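Below are the chains, spelled out letter by letter.
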Amino acid sequence: MNNALQFLRLCGKSPQWLQGFAGGMTALLLMGGNLCWPTRAEVRHSLPHAGAIVQLQGLDVPQPRVKGAATLSLQRLEQTQVFTTVGMLSYLPSRFLIDTGASTSMLSQETVETLKLAGTTIPSDRLSSAVAGNECASMNATLHALPTLKMDAVEIRGASALRFEKTAIPEGLSGVMGMDILNHFDLQFNPAAQTLQLSAPTALPASMVASAIPLRQKLGVFLATVTINSQGPFTMLLDTGADGTFISQPLASRLNLDARARHPIQILGFCGLEPAERTQISSLKLQQQEQRNLEVVILSSPILKLLGVDGILGQNFLSKYYQYWRFTPYSSGGISQDGSLLLWPQNANKTLNR
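What exactly am I supposed to notice about the overall build of the protein here?
The number of helices and strands found in the protein is six helices and 30 strands. With 354 residues in all, the protein has 58% of them scored as buried. Expressed as a percentage of contacts within the protein between residues at least 6 apart in sequence, the contacts between residues at least 24 apart total 71%. Here the protein displays about 14,000 Å² of accessible surface, and carbon together with sulfur accounts for 48% of that area.

Have a look at this one:
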């Protein structure tokens, strides 16, 4: 699909256009744009993309208070591999994208208006950004205190979420649930059964240390090392809110990927268009788990530079596995790690030691 527009998550008006990722720190978000409304044909083969990083500086955002445990039903966002779940935000039935690549949760304009939520406008001197495109002179954000969010037996109080004036969350979604909420739980994703189990944080069992994927926290999100085409290690953001996988331009050069196999595309970002390329890599290995012939997008963006990563690993890899995420520190080989991820192929028998 040469020269086809590849659209960001948060670009369009309908759920099938939610095709990207969010990520950052306690108040840092990667967003898509709202510059145009793509047709179904234009997004049919689209991959996730990044639009902007927005960092809030010098603001004290309270930590949410959580209680309870539950196994939640998941629903795939239309024409994607990313997952959403439902709950009650105050009296309002709500649907959220589950996004480990978003450090901060986000609300739609419709949700804010329906609940009549008061908010705090973020002064421009408290914002810094790295954006895709060059058509934005400024970015306006409001921080909202969330009412109680209930998801089955889980109750979340005192959480906050951002709303961006120029960002359009597709119809049917109330917002994005980021790591500011998710890191208060152990997460067990079962993509085949489409469930997510939220439970109280636990320590990684000693018997699991050897097989666990070490996670390193940066700017509120979690990174891991991978090998690609038997080369590496390379650092990637692990992002359940990303439909596909990105690699940076420097990494593509280092891998010496065949230029004839690259297909030019345009990224419609938060602040306009920027070029990218779609291609395929022979293999990507995360610890002992490997996927072959994986489609990726080569992207040159200040977003990857700000995070200091070689790429972003999304659901075209992660959804092949049952996933157990822990955000409790542990030590492996005398090295302190910020969290861990256990992966089992969907067709494998797994044993969870708690």
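It is not clear to me how the packing of aromatic side chains should be interpreted in this structure. Could you clarify?
Each aromatic ring pair is summarised here by two numbers: the centre-to-centre distance and the angle between the ring planes. Going through the model one piece at a time under the given rule, you end up with four aromatic pairs. Here the aromatic rings of phenylalanine 222 and phenylalanine 327 are separated by 5.0 Å at their centres, their planes lie at 40°, and the arrangement is tilted. In this pair, phenylalanine 222 sits in strand E20 (residues 221–228) while phenylalanine 327 sits in the loop between strand E27 (321–326) and strand E28 (330–332), placing the two residues 105 residues apart along the sequence. Taking the relative accessible area as the measure of exposure, phenylalanine 222 reaches 3% and is therefore buried. Relative to tyrosine 321, the ring of phenylalanine 317 has its centre 5.3 Å away and its plane inclined at 35°; by these criteria the two rings are tilted. For the pair shown, phenylalanine 317 and tyrosine 321 are each scored as buried. Looking at arginine 326, its charged tip hangs above the ring of tyrosine 324, at a distance of 4.0 Å from the centre.

Help me understand empty space enclosed by the protein, please; the structure alone is not making it clear to me.
Regions of empty space are outlined by a rolling probe, equal in size to a water molecule, passed over the atoms. What the rule picks out here adds up to two cavities of 30 Å³ or more. In this structure, the second largest cavity is lined by Phe96, Ser105, Met106, Leu107, Leu146, Leu149, Ala161, Val176, Met177 and Ile181. Counting only elements with at least two residues in the lining of the second largest cavity, the list comes to strand E9 (106–107) and strand E16 (175–177).

Explain unusual backbone geometry to me, please; I cannot follow it from the model alone.
Glycine aside, a negative phi is what most residues show, and trans is what most peptide bonds show. In this structure, the amide linkage connecting glycine 232 to the following residue, proline 233, adopts the cis form with an omega of 10°. Secondary-structure assignment places proline 233 in strand E21 (residues 231–238). The phi dihedral of lysine 116 is positive, around 55°, even though this residue is not glycine. Turning to its location among the elements, lysine 116 is positioned in the loop between helix H2 (109–115) and strand E10 (119–121). Overall, the relative accessible area of 71% leaves lysine 116 in the exposed class.

What's the story with the side chain of threonine 80 in this structure? I'm lost.
Following the sequence through the fold, threonine 80 ends up in the loop between strand E6 (75–76) and strand E7 (83–89). For threonine 80, a relative accessible area of 8% translates into the label buried. Only 2.8 Å separates the side chain of threonine 80 from the backbone oxygen of leucine 77, close enough to count as a polar contact.

It is not clear to me how the nonpolar core should be interpreted in this structure. Could you clarify?
Nonpolar side chains in soluble globular proteins tend to end up buried together. Ranked by size, the top nonpolar core spans 56 residues in total, and within it Leu187, Ile228, Ile247, Leu284 and Trp325 carry the most contacts. Examining the composition of this core, we find that four residues originate from one element, E20, more than from any other. Not counting the four nearest positions on each side in its chain, leucine 284 is found in contact with Val226, Thr227, Ile228, Met236, Gln289, Glu290, Gln291, Leu294, Leu313 and Phe317.

How should I be thinking about the pairing of strand E12 (residues 141–145) in this particular structure?
On any regular strand, side chains alternate: one points to one face of the sheet, the next to the other face. Taking burial as the measure, the five residues of E12 include four buried ones, the bulk of the element. Alignment of E12 against strand E15 (residues 160–164), held across five bridges, turns out to be antiparallel. Following the sheet pairing, alanine 141 is matched in E15 by phenylalanine 164.

Even after reading the chapter, I still don't get the pairing of strand E14 (residues 154–157), so can you show me in this structure?
Bridge count for strand E4 (residues 65–67) against E14 is three bridges, and the pairing is antiparallel. Looking at the pairing, arginine 65 lines up with arginine 157 of E14. By the bridge criterion, three bridges tie strand E13 (residues 149–151) to E14 in an arrangement that is antiparallel. Residue methionine 151 lies in a different strand from E14, and its bridge partner there is valine 154. Where E13 folds back on E14, the antiparallel hairpin that results is connected by two residues, among which aspartate 152 adopts a positive phi of roughly 55°.

Help me understand the pattern of salt bridges, please; the structure alone is not making it clear to me.
Proximity of charged atoms lets side chains of opposite charge pair with each other. Applying the stated criterion across every chain, the model contains eight salt bridges. In this structure, lysine 67 engages glutamate 155 in a salt bridge whose closest nitrogen and oxygen atoms are separated by 3.8 Å. Taken together, the residues span a long stretch of sequence, with lysine 67 in strand E4 and glutamate 155 in strand E14 at a distance of 88 residues. For glutamate 155, a relative accessible area of 12% translates into the label buried. In this structure, glutamate 295 engages arginine 278 in a salt bridge whose closest nitrogen and oxygen atoms are separated by 3.7 Å. Placement of glutamate 295 in strand E25 (residues 289–299) and of arginine 278 in strand E24 (residues 272–286) is noted, with a sequence separation of 17 residues between them. Glutamate 295 sits in the partly exposed class, given a relative accessible area of 34%. Judged by its relative accessible area of 9%, arginine 278 is buried. One continuous salt-bridge network, built from bridges that share partners, spans Lys67, Lys150, Glu155 and Arg157.

In this structure, what is going on with the environment of glycine 101? I would like to understand it.
With respect to the secondary-structure elements, glycine 101 resides in the loop between strand E8 (92–98) and E9. Given a relative accessible area of 0%, glycine 101 falls into the buried group. Spatially, the C-alpha atoms of glycine 101 and alanine 242 are 7.7 Å apart, while their sequence positions differ by 141 residues.

What counts, and at which threshold
- Residues numbered from 1 in each chain as written.
- Predicted model: local features only at pLDDT ≥ 70, side-chain atom pairs only at ≥ 80, totals over all residues.
- Heavy atoms only, no water.
- Helix = DSSP H or I, 4+ residues; strand = E, 2+ residues; numbered from the N terminus.
- Buried < 20%, exposed > 50% of the residue type's maximum accessible area, 1.4 Å probe, protein only.
- Contact = heavy atoms within 4.5 Å.
- Areas by Shrake-Rupley, 256 points an atom, 1.4 Å probe, with all protein chains shown as cover.
- Phe/Tyr/Trp six-rings, centres within 6.5 Å; stacked < 30°, edge-to-face > 60°.
- Lys NZ or Arg CZ within 6 Å of the ring centre and 35° of its normal.
- 1 Å grid on protein atoms, 1.4 Å probe; cavity = no way out; pocket = protein on both sides within 12 Å on 5 of 7 lines; lining within 4 Å.
- Points joined across faces, edges and corners; volume = space filled by probe spheres on them.
- Polar contact = N/O pair within 3.5 Å; in protein donor to acceptor, adjacent residues only side chain to side chain.
- Core = buried A, V, L, I, M, F, W, Y, C linked by side-chain atoms within 4.5 Å.
- Pairing = 2+ DSSP bridges.
- Salt bridge = Lys/Arg side-chain N within 4 Å of Asp/Glu carboxyl O.

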